[in-house]
Number of protein chains: 2
Amino acid sequence: MVSLMPVEGKTRREVLTEFRRAEILAAARKVFAARGFRAATLEEVAVEAGLAKGTLYLYFDSKEEMFWAIFRGRVAEMHRRLQAVLSEPGGTADKIRAGLRVRFELLREDQDFMRIYLTEFGQCIYGGPWAKEFRKLHLAGARLLAPVLEEGIRRGELRAVPPLETALALMDLVKSTVSLKLLGMHENRIDVEQFIFDLFWRGVRAEGAAAEGGQ
Amino acid sequence: MVSLMPVEGKTRREVLTEFRRAEILAAARKVFAARGFRAATLEEVAVEAGLAKGTLYLYFDSKEEMFWAIFRGRVAEMHRRLQAVLSEPGGTADKIRAGLRVRFELLREDQDFMRIYLTEFGQCIYGGPWAKEFRKLHLAGARLLAPVLEEGIRRGELRAVPPLETALALMDLVKSTVSLKLLGMHENRIDVEQFIFDLFWRGVRAEGAAAEGGQ
DNA sequence: CATTTTAATGACCGGATCGTCATAAATGTG
DNA sequence: CACATTTATGACGATCCGGTCATTAAAATG
């Protein structure tokens, strides 16, 4: 009966099921990114995945579950990468620059995800079932950066800014710049990453410091 | 037949019609702000206005028209006020501060509007019928500030930042801060307006300048 | 007060879409 | 090959909502 070959503690069936789930999520990410959560239809997702709509429900309970599976996973990935670069040794300016780079890299790698992040975040104000989760994830990102800023203040590299608020300001600066990029406003006239870094770094560095991060 | 009393070039009927339109728009603003454009239903708007749904269509052609009547009017008002404070004499720092004050005042006066602005702006990426309009209005705001920055650069008060991009960055900095305020993240721990001004001004001021705007 | 004109109503239509379920195809089993 | 089990299907039910329209209420008119 269970002659399905077990592979690394999982039956062949479980592996196949996971594969299908992943296939469906890839299709869903595409559709959600193109249309937004509300306007995206499961029919589209099904077509994109080469399946029938009913089949989706063998792997997910609802449209919401699909969305969150995509979203949570990607945010977690982003936070892992942020954490990684922020824990490397280096000055505060370097860390801020590295954190910026992670976000811009992510944008280049996966515009779909950023689009979801940016547009659905606005909706979280309406307090649907996600408002709390969204807010928690967003704050979690800021809490990764805040200690770096605190450290910078202690070391005298930064003036005494409120760490969490400043971290949030930076994240939003990136976020909205990213949204402008998606809107095609910046084109290639300036180096956006460098521009944002300059603006922010000059905004937070200690009074006496030169433009040390301006390489 | 036309015994309706003309008042300042308008018949009594026209005045009443305008009044009804305004009543409906007030109700609509409330509902749109509470639920967002998509989730808001005309049934709710009608109830809020104390009318039947069908009656709304005597005054507006569609849900979209209602939304834009609200949105355009309010943005125009914001731009008028920005233009007014930016054209007053004063240093660049003063003007930036005054521009910030306008936006924060607007937030305090009419949170509903800001909510609409913030949340529906995210959606404009999807290129519905509004994408172009939204973008145009958003850029128009930046174009009010850009000349002030250019003037500041000429006068040597600011370093050579790209004016339009910098104006957009400031607008977004305010916008997202505002959204955090709406989310209840800041509470009253810091003076947000002062915080944003400091961050931005230090980010753009000329190399030699002291924190002149820090009053 | 009778009549005409305007304003208001809410039942209804049409389209969209989430999620279900009886049925069918595919796959595995003996 | 017959049978059982898992996977897939897409028509369908249910719901929601923007917009319409025949009908009713109100207001103006003479």
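Residues numbered from 1 in each chain as written. Chains lettered and ligands numbered in written order. Predicted model: local features only at pLDDT ≥ 70, side-chain atom pairs only at ≥ 80, totals over all residues. Heavy atoms only, no water.

## Section: the interface of chain B and chain A
Item 1. Listed by partner, the interface residues are 45 residues for chain B and 45 residues for chain A.
Item 2. With both chains or domains summed, chain B and chain A bury close to 4,100 Å², and 65% of this area falls on carbon and sulfur atoms.
Item 3. Joining chain B to chain A, the criterion identifies 4 salt bridges.
Item 4. For the salt bridge of A:Arg202 with B:Glu207, the shortest nitrogen-to-oxygen distance reads 3.0 Å.
Item 5. Linking chain B to chain A there are 4 residue pairs in polar contact (both at pLDDT 80 or more). (Contact = heavy atoms within 4.5 Å. Buried area = accessible area lost by both parts, 1.4 Å probe. Salt bridge = Lys/Arg side-chain N within 4 Å of Asp/Glu carboxyl O. Polar contact = N/O pair within 3.5 Å; in protein donor to acceptor, adjacent residues only side chain to side chain.)

## A few points about the pattern of salt bridges
Item 1. Taken as a whole and assessed by the stated rule, the structure comprises 33 salt bridges over all chains.
Item 2. Taking the shortest distance from any N to any O, the salt bridge between B:Arg101 and B:Glu193 comes out at 3.8 Å. Here B:Arg101 is found in helix α5 (residues 92–109), whereas its partner B:Glu193 is found in helix α9 (residues 192–204), with 92 residues between them in sequence.
Item 3. Residue classification places B:Arg101 among the partly exposed positions, given a relative accessible area of 36%.
Item 4. Within this structure, A:Glu77, A:Arg80, A:Arg81, A:Glu105 and A:Glu109 form a network of salt bridges that share partners. (Helix = DSSP H or I, 4+ residues; strand = E, 2+ residues; numbered from the N terminus. Buried < 20%, exposed > 50% of the residue type's maximum accessible area, 1.4 Å probe, protein only.)

## A look at the layout of surface pockets
Item 1. The volume enclosed by the largest pocket comes to roughly 550 Å³.
Item 2. Lining of the largest pocket is provided by 30 residues; of these, A:Arg38, A:Gln123, B:Arg38, B:Ala39 and B:Gln123 occupy positions nearest its centre.
Item 3. Tallied by class, the residues present in the lining of the largest pocket amount to 15 nonpolar, 8 polar and 7 charged. (1 Å grid on protein atoms, 1.4 Å probe; cavity = no way out; pocket = protein on both sides within 12 Å on 5 of 7 lines; lining within 4 Å. Points joined across faces, edges and corners; volume = space filled by probe spheres on them. Nonpolar A, V, L, I, M, F, W, Y, C, P; charged D, E, K, R; others polar.)

## Quick word on the relation of the copies chain B and chain A
Item 1. Of the transformation placing chain B onto chain A, the axial shift is 0.1 Å and the rotation is 180 degrees, giving an RMSD of 0.1 Å. Taken together, these values place the two copies in the relation of a two-fold axis. It is B:Gly203 whose C-alpha, among those of chain B, lies nearest the rotation axis, at 2.1 Å. (Least-squares fit on C-alpha atoms with pLDDT ≥ 70 in both.)

## Here we look at the protein's contact with DNA strand C
Item 1. Within the structure, DNA strand C sits among 18 residues, and A:Lys53, A:Tyr57, B:Ala52, B:Thr55 and B:Tyr59 are positioned closest to it.
Item 2. Here DNA strand C approaches the protein such that, of its atoms within 4 Å, sugar and phosphate make up 66%.
Item 3. A distance of 3.1 Å separates a phosphate oxygen of DNA strand C from a polar atom in the backbone of A:Leu42.
Item 4. B:Ala52 places a polar main-chain atom, nitrogen or oxygen, 2.9 Å from a phosphate oxygen of DNA strand C.
Item 5. Secondary structure elements with two or more residues in the surface near DNA strand C: α3 (53–59) of chain A together with α1 (12–35) and α3 (53–59) of chain B.
Item 6. Tallying contributions element by element places α3(B) first for the surface near DNA strand C, with 4 residues. (Near = heavy atom within 4 Å.)

## Description of empty space enclosed by the protein
Residue and element names in this part refer to chain A.
Item 1. Going through the model one piece at a time under the given rule, you end up with 6 cavities of 30 Å³ or more.
Item 2. There is about 130 Å³ of room inside the second largest cavity.
Item 3. Looking at the lining of the second largest cavity, the elements that each hand over two or more residues are α4 (63–86), α5 (92–109), α7 (131–154) and α8 (163–182).
Item 4. Considering each element in turn, the lining of the second largest cavity owes the most residues, 5 residues, to α5.
Item 5. Tallied by class, residues from the lining of the second largest cavity come to 8 nonpolar, 2 polar and 2 charged.

## What to know about the protein's contact with DNA strand D
Item 1. Taken together, 18 residues surround DNA strand D, and among them A:Arg13, A:Ala52, A:Thr55, A:Tyr59 and B:Lys53 come closest.
Item 2. For DNA strand D, the fraction of protein-proximal atoms (within 4 Å) that sit in sugar or phosphate groups is 64%.
Item 3. In the environment of DNA strand D, a phosphate oxygen lies 2.7 Å from a nitrogen or oxygen atom belonging to the side chain of A:Thr55.
Item 4. One of the backbone nitrogen or oxygen atoms of B:Leu42 is found 3.0 Å away from a phosphate oxygen of DNA strand D.
Item 5. Looking at the surface near DNA strand D, the elements that each hand over two or more residues are α1 (12–35) and α3 of chain A together with α3 of chain B.

## A short note on the confidence of the model for chain A
Low-pLDDT stretches of the model should not have their predicted coordinates read in fine detail.
Item 1. Considering every residue of chain A, the mean pLDDT works out to 87; 88% of them sit at 70 or more.
Item 2. When the criterion is pLDDT under 50, residues 1–7 of chain A qualifies, and its contacts beyond four places in sequence or with other chains add up to 6 contacts. (pLDDT = per-residue confidence, 0-100.)

## Comments concerning the side chain of B:Arg159
Item 1. The residue B:Arg159 is located in the loop between α7 (131–154) and α8 (163–182) in this model.
Item 2. Look at B:Arg159: it is buried, it has no salt bridge, and the nearest opposite charge is A:Asp198 at 4.1 Å.
Item 3. At 2.8 Å, the side chain of B:Arg159 forms a polar contact with the backbone oxygen of B:Gly203.
Item 4. If sequence neighbours within four positions are ignored, B:Arg159 has contacts with A:Asp198, A:Leu199, A:Arg202, B:Ile153, B:Gly203, B:Val204, B:Arg205 and B:Ala206. (Lys, Arg positive; Asp, Glu negative; His and termini not counted.)

## A word on α7(B)
Side chains of residues three or four places apart in an α-helix project in the same direction, reflecting 3.6 residues per turn.
Item 1. For α7(B), spanning 24 residues, the distance from its first C-alpha to its last is 34 Å, which sits close to the expected 34 Å at 1.5 Å a residue.
Item 2. B:Gly156, located one to two residues past α7(B), shows a positive phi value of around 80 degrees. (Expected span 1.5 Å × (residues − 1).)

## Observations concerning the environment of B:Val75
Residue and element names in this part refer to chain B.
Item 1. Relative to the assigned elements, Val 75 resides in helix α4 (residues 63–86).
Item 2. Taking the C-alpha atoms as reference points, Val 75 and Phe 113, separated by 38 residues in sequence, lie 9.0 Å from one another.
Item 3. Those residues within four positions of Val 75 in sequence are excluded, and the remaining contacts are Phe 113 and Leu 137.

## Considerations on the packing of aromatic side chains
Item 1. By the definition in use, this model includes 28 aromatic pairs over all chains.
Item 2. Taken together, a centroid distance of 6.2 Å and an interplanar angle of 85 degrees make the contact between A:Phe67 and A:Trp68 edge-to-face. The pair formed by A:Phe67 and A:Trp68 is uniform in burial state, with each residue classed as buried.
Item 3. Plain terms: the ring middles of B:Phe71 and B:Phe113 are 6.3 Å apart, the flat faces sit at 40 degrees to each other, and that makes the pair tilted. With B:Phe71 in helix α4 and B:Phe113 in helix α6 (residues 111–123), this pair connects stretches of sequence that are 42 residues apart.
Item 4. In this structure B:Phe71 comes out as buried when scored by relative accessible area, which is 0%.
Item 5. Members of the aromatic cluster, each reached through a chain of ring pairs, are A:Phe32, A:Phe37, A:Phe67, A:Trp68, A:Phe71, A:Phe113, A:Tyr117, A:Trp130 and A:Phe134.
Item 6. Between B:Arg74 and the ring centre of B:Phe113, over which it is positioned, the NZ or CZ distance is 5.8 Å. (Phe/Tyr/Trp six-rings, centres within 6.5 Å; stacked < 30°, edge-to-face > 60°. Lys NZ or Arg CZ within 6 Å of the ring centre and 35° of its normal.)

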